[in-house]
Amino acid sequence: MHKRLRSLAAAGGCAVLAGWGLFLPSAAAQMDSVPDEQKDIQAWLGARGPERADLDLIDAQPFTVGTDLQLRFRVHNPTDQPLEDLQVTSRRGDSVADAAEARTEMATGDFPYYGSGMTTAPLQPGETREISFTVPSGLDAERTLAINEPGAYPLLFTLTGTLEGDAVSLAEERFVAQFSGDGPTDAGHTAAAEEAAPEEEHDEAEEPQSHDLTVVYPISANLNIVPGGLGGEELILSSDELGHELHEGGRLDKLVSTYEDHDLQGAGCVAIDPALLDTVNRMSQGYTVNSTRPAQGDRPKRLRDSWSRSSDDDKGEPGEAKNDAERWLERLRELDCFIAMPWANANASAVARANNPALLFEGLQRGNQTIERILGKAPASNILAVGSGYIDQKLPVPSLVADNSNWSGEAATFDASLGALLSQTGSKPQTVGYSNPELRYDYSKDSALSRAITGGAALSLAGGEDTVAKLPNYLDPSAAEHALAAAEDLLKSGHSRPRGISAVELQQGDPNAPTGSPFIDPAVFSEPELARVEQQARYTDELMNIVVDDPDITMTRSEFVLPLRRDLLNSLSLNNRESLGTHAAARESFSRTMEIHSNTLRDLRDSVSLIPPGNVYTRVSESSPLLIVAENGLPLPVEAKLQYDAPDGARLNTPKSVRIPAKGSITVSMTADMPKDADRTDIGLWLATPKDQTISQPITISVQTRAGIVTLYAAGIAGALVLVLATLFRLGRHRRKNHKAEK
């Protein structure tokens, strides 16, 4: 049922260079903030040791059997010493038959066949140079790679030289190249050519059977929404990076063009991030770029405060991509197929583990509605394209997961080895949790072009069996181009036939096996992080329960807190978390978002309060009312009741409920029954929801009775009388003394 063994078989051997720890300061630093269970460096780096220099492929002509390789590299010396006696050498391995073999070669391959080499001048510290390298591949050349059959071949280029007088290996570049022959590429069948057969036997031979191919094409982006917003507020982005990606020639613009430019005959489907759709739609109506947003629940500013400082500098700048956003959405509406990703490419299992129904709906089920609302067409399937590639929780919708994982409920599967190789592409190569740790390494060691070529070659091998090819949830245009070109060739050559995403069979997980990935996931959210999200989601629900809907106010209470829920989903995004180079920054972003979220909730709750009348409230009579002001800084009314804490014998006669208007206040009148023998009583008072959930901070009011007033006045009169008598007594003594003196 599941294709578990295919990925496990790709484990192979693990060759790690000696002295690794001496050359991993940056990687080790990124591990410092990772929870203890994830600190094992093998979770990220199971193969391929460090490099002292850089060797990056920047251009390559198409690869054809019998034709010299025309390549261009960039070499760079990052050390503080010159690199001398430099030489670039070409090597190759045997052709690979599938993505699992290709991935093994990239991680631990031997590359036993040597080709030609070239020398280049010394590199001074910090120097960068581009070099061209022509590599013979035909059998008739000397020092050739000797490739005489079409197929996918692993290639290795090494940079060696001397550093401080010692001969050393400085850098290497690996990729798998698909070599075509004179005719169509025989994808998936690249072993030795079949022996010649008699012509009559050829006539009777059956044609190769075509296999189904489905290509899932994700489109997502970093949104950079400033957290802490509320319903009905303008869109504020911390930078205009998303606008630049929407601009003509930007990343998102190119991703749409790449999909448009390839005829996948119905095999392709765009997995769109609904958070990206929603954000771009809001951008098309205007937005602001600012690093912060105004504090929530602020009371009106006093006039003299406005004289002392101006807030004009805090308003930010208008975003520049309004028209680009509108144009991009129009182009998107012309595409043929859509399915949803989790909101903001959030980790679907982490969303489910928050144990919050509202967050679960927004994260995993809102997407289909968003696609239909903005693009005007229903998704082709309710399959959810989860970014992690596996799930360890039961979800309310079927998911697209790796075929070496297990799940609860229904799911569609994709080729795990192919998915892992494709995830290594782009500017943010991803270490997916379903990949074998022994074959993981710092994928950025190979250039983006090399990894894109490898991804395309791996996909071209998919013609040998039915395949769902899932491209990475954070996709780059170069990788997309190579992958879709390979898919288009498979379909045109007849090695594959198109199968729409709606025709992909759903499978039941194995109920007797653990759910999730068979391997450790270095990007998984820790238990403390998940507990924090669960707590903040619960607090968000409590905030929503404080306010009530008002027919005169368009915004509902669900819409009021919706941006806060989406902040939590943004914090669970995998866009940067799965990449070694950005993982530490993603964890910091999670903590920062959660801190802002917490502060926002506190400020909003504090904006609903009771204002005491003063230090002491004196009643003239027992029927005298106690007056107190309830204030509401929220944009929706608050339905509350007064609760109190008083000594025995004291009782407040409070209204059954108090409705505090939106952004307003109300004076509440109540009476009190006080103990007869008490001159003064202190009472704690606060606002609560009808279900006794505390809303405001408690305040203390002191109630003084009439008896207390009489006692106070009597004490005052008595004191005054004593003072007068004492004065008269002293005056009398003084006069008697004077009288005696005169005598």
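Residue positions are counted from 1 within each chain, in the order its sequence is given. Per-residue local features are limited, in this predicted model, to residues with pLDDT of at least 70; the limit for side-chain atom pairs, both in listing and counting, is 80 or more; totals at the level of whole chains, interfaces and linings are taken over all residues. Excluding hydrogens and water, the side-chain figures rest on all heavy atoms present in the structure.

A. Structural context of the confidence of the model for the protein. Residue-level confidence of the predictor is summarised by pLDDT, bounded by 0 at the bottom and 100 at the top. Of the residues in the protein, 82% reach a pLDDT of 70 or more, and the chain-wide mean stands at 86. The contact rule is simple, with two residues in contact once any of their heavy atoms fall within 4.5 Å. Within the model, pLDDT remains below 50 along residues 1–39, and this stretch shows 79 contacts once partners closer than five positions in the same chain are excluded. Scored below 50 in pLDDT, residues 297–310 makes eight contacts in the model with residues more than four places away or belonging to other chains.

B. Structural context of the pairing of strand S15 (residues 410–414). Only protein chains enter the accessibility calculation, which uses a 1.4 Å probe; a residue whose area is less than 20% of its type maximum is buried, one above 50% is exposed, and one in between is partly exposed. For helices the rule is a DSSP run of H or I covering at least 4 residues; for strands it is a run of E covering at least 2, with both sets numbered from the N terminus onward. Most of S15 sits out of view: four of its five residues are buried. Of the strand pairs in this sheet, strand S14 (residues 399–402) and S15 are connected by four bridges, and their pairing is parallel. Bridging from a neighbouring strand, alanine 402 pairs with phenylalanine 414 of S15. In this analysis, strands are considered paired if DSSP registers two or more bridges between them. Looking at chain direction, S15 and strand S18 (residues 507–508) are connected through two bridges and run antiparallel.

C. Inspection of the state of the cysteines at higher detail. Here, two cysteine sulfur atoms that lie within 2.5 Å of each other are counted as a disulfide. Counted according to the given criterion, the structure contains one disulfide. Two residues, cysteine 269 and cysteine 337, share a disulfide whose sulfurs are 2.0 Å apart. Handedness of the cysteine 269-cysteine 337 disulfide follows from its S-S torsion of about -80°: it is left-handed. A residue pair is termed long-range when its members are at least 10 positions apart, and cysteine 269 in strand S10 (residues 268–272) and cysteine 337 in the loop between helix H9 (322–332) and strand S13 (338–340) qualify at 68 residues. In terms of burial, cysteine 269 and cysteine 337 fall into one category: buried.

D. Fine view of the sheet that holds strand S5 (residues 128–135). Reading across from one edge, S1-S2-S5 is the order of the three strands in this open sheet, with antiparallel pairing throughout. Single-partner strands in this sheet number two, and they are strand S1 (54–60) and S5. Averaged over neighbouring strand pairs, the angle between their axes works out to 30° when direction is ignored. In terms of strand pairing, S1 meets strand S2 (residues 69–76) through six bridges, oriented antiparallel. If you follow leucine 55 over to S2, its bridge partner there is valine 75. Geometry is summarised by axes, namely lines fitted to C-alpha atoms with helices restricted to the contacting stretch, and by angles between N-to-C directions that run from 0 to 180 degrees.

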